[in-house]
Amino acid sequence: MTDRPMIPERGTGKDQLLAELAAMKANDADWRHGRTFSLVYNVSEEHEDLVKRAYGLYLAENGLSPIAFPSLRKMETEVVAMTAAMLHGDESVVGSMTSGGTESILMAMKAYREWARATKPQIANPEVILPVSAHPAFEKAAHYLGLTNVHIPVGDDFRADVAAARDAITLNTILIVGSAPGYPAGVIDPIGDLAALAAERGLGMHVDACLGGFCLPWVRQLGYPVADFDFAVPGVTSISADVHKYGYAAKGASTILYRDAELRRHMFYAYTEWPGGLYGTPTMTGARPGGAIAAAWAAMRGLGREGYLALAKRIMDARERIFEGFATIPGIEILGTPAMGVFAFRHAGGGEFAIAEAMDERGWKLDRQQNPTALHMMLSPAHLDFVDEFLADLRACVALVEAEPARVTDGAAAMYGAMATMPDRGVVGDFVLDFLDGVWR
Ligand SMILES: *Cc1c(COP(=O)(O)O)cnc(C)c1O
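One numbering rule holds for all chains: residues counted from 1, following each sequence as written. At least 70 in pLDDT is required for a residue's local features to be given in this predicted model, at least 80 for side-chain atom pairs to be given and counted, and no such filter applies to totals for whole chains, interfaces and linings, which use all residues. To obtain the side-chain values, all non-hydrogen atoms of the structure were used and water was disregarded.

Peer 1: Where do I start with the overall build of the protein chain in this structure?
Peer 2: For helices the rule is a DSSP run of H or I covering at least 4 residues; for strands it is a run of E covering at least 2, with both sets numbered from the N terminus onward. Of the regular secondary structure elements, the protein chain holds 15 helices and 13 strands. Computed over C-alpha atoms, the radius of gyration of the protein chain comes to 23 Å, within 12% of the 22 Å expected from 2.2 N^0.38 for 441 residues, which places it in the range of a compact globule. Summarising its shape, the C-alpha atoms of the protein chain cover approximately 65 × 65 × 55 Å along the three principal directions. For the protein chain, with 441 residues in total, the buried portion stands at 47%. Taking contacts inside the protein chain between residues at least 6 apart in sequence as the whole, the part at least 24 apart equals 72%. Throughout, the Shrake-Rupley method with a 1.4 Å probe supplies accessible areas, and for residues the shown protein chains are the sole cover considered. Of the roughly 21,800 Å² that the protein chain leaves accessible, carbon and sulfur atoms contribute 57%. Only the C-alpha atoms count toward the radius of gyration. The rule for a globule is 2.2 Å times the residue count to the power 0.38. The buried label applies to any residue whose accessible area, calculated with a 1.4 Å probe on protein chains only, is under 20% of its type's maximum; exposed applies above 50%, and partly exposed to all values in between. Only heavy atoms enter the contact rule, under which two residues are in contact if any of them lie within 4.5 Å.

Okay, here's the thing in structure tokens:
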């Protein structure tokens, strides 16, 4: 006999279950106190309450059927239209909501594949040009869809190398990708130059604004320099922007926008032979959670432009104070020129991973990066309240690592370092698969 969990014979009481759920959170990352720098986008308890209630009102409704639930159809159309307007799209820009940035990117890649099949039938093996800093969702999409990704390097400023993109174009190229900003260093690729290149060669140009779509417009309005990255740039043909990141919606909400309806049509899927009836879906999923759509709509209407601007200001104020703090900790260096509250830093002594270990012990979850080795941060509005605590701990951890070099050369930090630089990436890939296999048993 094992004690594998089974559905219990009799149901458990609501109060007990809710208490169990609350108790189970005890060992989770403490995002409410600013300890995580990705995964959660924390605004306030009041905003959380609005989003939760909006989600709850549409818990059962299914966005699969626009006929049965015209209210969801209206909300989705409005979320897409509001996002398009924010990103300088005109009346011809159309789109869909998806479950997240990964699905938005998957759908964009699918749309370009179909578009190429229809308009460039001579291309047997379509290629996509993207910088090495582009999100892994593009790799996943290429893997699923049978596309070939051609990687171009980033420059010393961590932005895509436009000359390399030009050189990488072949007769098989269908699409160029740029990020606004990219996740690793938080810098915006030269979207204008990449889009001009794409337009000149008759290629698609996708801007991954999953991270920045709902933040850069307000950061620019605050007076920070933000180069054009959206539909204001001629040649940009599609944009992904996540409402569940800096749109402050519930998880499960992103948008994929196209310059025109003709391109979007290549994203749709239809099947006509099923005994269950005619079947068509705009995106990957079948059932689509009504709650995620309603929560996205409520978050955008609830915050308004004023709300988003104020939240962006909190983020940028937190960033200013963190950057000022970095400047007083010898050896800490920011990568490139980050556009918003997403950035990475390194340590002159190569102590990044050891610093991350020491910060872990104090509850701060800093993501580890490779090529180059760095630590990643993604600020939410609520981080402004924890800047001093963070900087004090970072200062202490840097001092600790510098005083005890064994922290860099031994233990978990050294293991991370070895993974980052191991030449046999197949071994590292197997390690990741083993991890996945073990973690959900
Ligand atoms: C988060 C992110 C994605 C993927 O979005 P998910 O919602 O995690 O699927 C894609 N691109 C960038 C730049 C991102 O930051």
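Peer 1: What exactly am I supposed to notice about the pattern of salt bridges here?
Peer 2: Once their charged atoms are close, side chains differing in charge can pair, the charge on each being opposite to the other. We define a salt bridge as a side-chain nitrogen of Lys or Arg found within 4 Å of a carboxyl oxygen belonging to Asp or Glu. Under the definition given, this model contains 22 salt bridges. Close ionic contact of Glu 320 with Arg 319 constitutes a salt bridge, the shortest N to O distance being 4.0 Å. Given a relative accessible area of 31%, Glu 320 falls into the partly exposed group. With a shortest N-O distance of 3.3 Å, Glu 333 and Arg 346 are connected by a salt bridge. Placement of Glu 333 in strand β10 (residues 332-334) and of Arg 346 in strand β11 (residues 342-347) is noted, with a sequence separation of 13 residues between them.

Peer 1: Got a minute to help me understand the packing of helix α10 (residues 290-327) against helix α12 (residues 387-403) in this structure?
Peer 2: When two helices pack together, their arrangement is given by the angle between the helix axes and by the axis-to-axis distance. Under this scheme, a helix contributes an axis fitted over its contacting stretch, all axes are lines through C-alpha atoms, and angles between N-to-C directions fall in the 0 to 180 degree range. Following both chains from N to C, one finds α10 and α12 inclined at 25°, their axes separated by 10 Å at the closest point. As far as their axial angle goes, α12 and α10 are roughly parallel. Seen along the crossing, α10 lies across α12 with a hand that is right-handed. Contacts from Ala 318, Arg 321, Ile 322, Gly 325 and Phe 326 of α10 reach α12 at Val 387, Asp 388, Phe 390, Leu 391, Leu 394 and Arg 395. Classification convention: Asp, Glu, Lys, Arg as charged; Ala, Val, Leu, Ile, Met, Phe, Trp, Tyr, Cys, Pro as nonpolar; all other residues, Gly among them, as polar. Across the contact of α10 with α12, the residue classes break down as 7 nonpolar, 1 polar and 3 charged. An angle below 35 degrees is treated as roughly parallel, one above 145 as roughly antiparallel, one from 65 to 115 as roughly perpendicular, and anything else as oblique. Note: crossing handedness is left-handed where the near helix turns anticlockwise from the far helix by less than a right angle, and right-handed where it turns clockwise.

Peer 1: Just checking my understanding: could you explain the layout of surface pockets for this structure?
Peer 2: A water-sized probe rolled over the atoms picks out the places where empty space is left. Two kinds of site are reported from a 1 Å grid over the protein atoms alone, namely cavities, where a 1.4 Å probe fits but cannot get out, and pockets, open sets with protein on both sides within 12 Å along at least five of seven lines, and residues are called lining when an atom falls within 4 Å of a point. Grid points are joined across faces, edges and corners, and a volume is the space filled by probe spheres set on the points. By volume, the second largest pocket is sized at about 600 Å³. Along its surface, the second largest pocket is lined by 28 residues, and Glu 76, Thr 77, Gly 95, Ser 96 and Arg 264 are the ones closest to its centre. Counting residues per element, the ones that place at least two in the lining of the second largest pocket are α3 (70-86), β1 (94-98) and β9 (279-281). Top contributing element to the lining of the second largest pocket by residue count: α3, with 8 residues. In terms of residue class, the lining of the second largest pocket is made up of 14 nonpolar, 8 polar and 6 charged.

Peer 1: Teacher, can you tell me more about the site of the ligand here?
Peer 2: Note on terminology: near, applied to a residue and a molecule or strand, indicates that one of the residue's heavy atoms is within 4 Å of it. Lining the immediate environment of the ligand, one finds 13 residues, of which Gly 101, Thr 102, Asp 208, His 244 and Lys 245 sit closest. Gly 101 has a polar backbone atom sitting 2.9 Å from an oxygen atom of the ligand. Identification of polar contacts relies on pairs of N or O atoms within 3.5 Å, with a donor-acceptor requirement for protein atoms, meaning one able to donate a hydrogen and the other able to accept it, and with residues adjacent in sequence counted only if both atoms are side-chain atoms. A distance of 2.6 Å separates a nitrogen atom of the ligand from a polar side-chain atom of Asp 208. Taken by itself the ligand offers 380 Å² of open surface, and the protein chains cover 85% of this. Here the shell around the ligand takes 3 residues from helix α4 (residues 101-119), the largest share from any one element. Considered class by class, the residues forming the shell around the ligand number 5 nonpolar, 5 polar and 3 charged.

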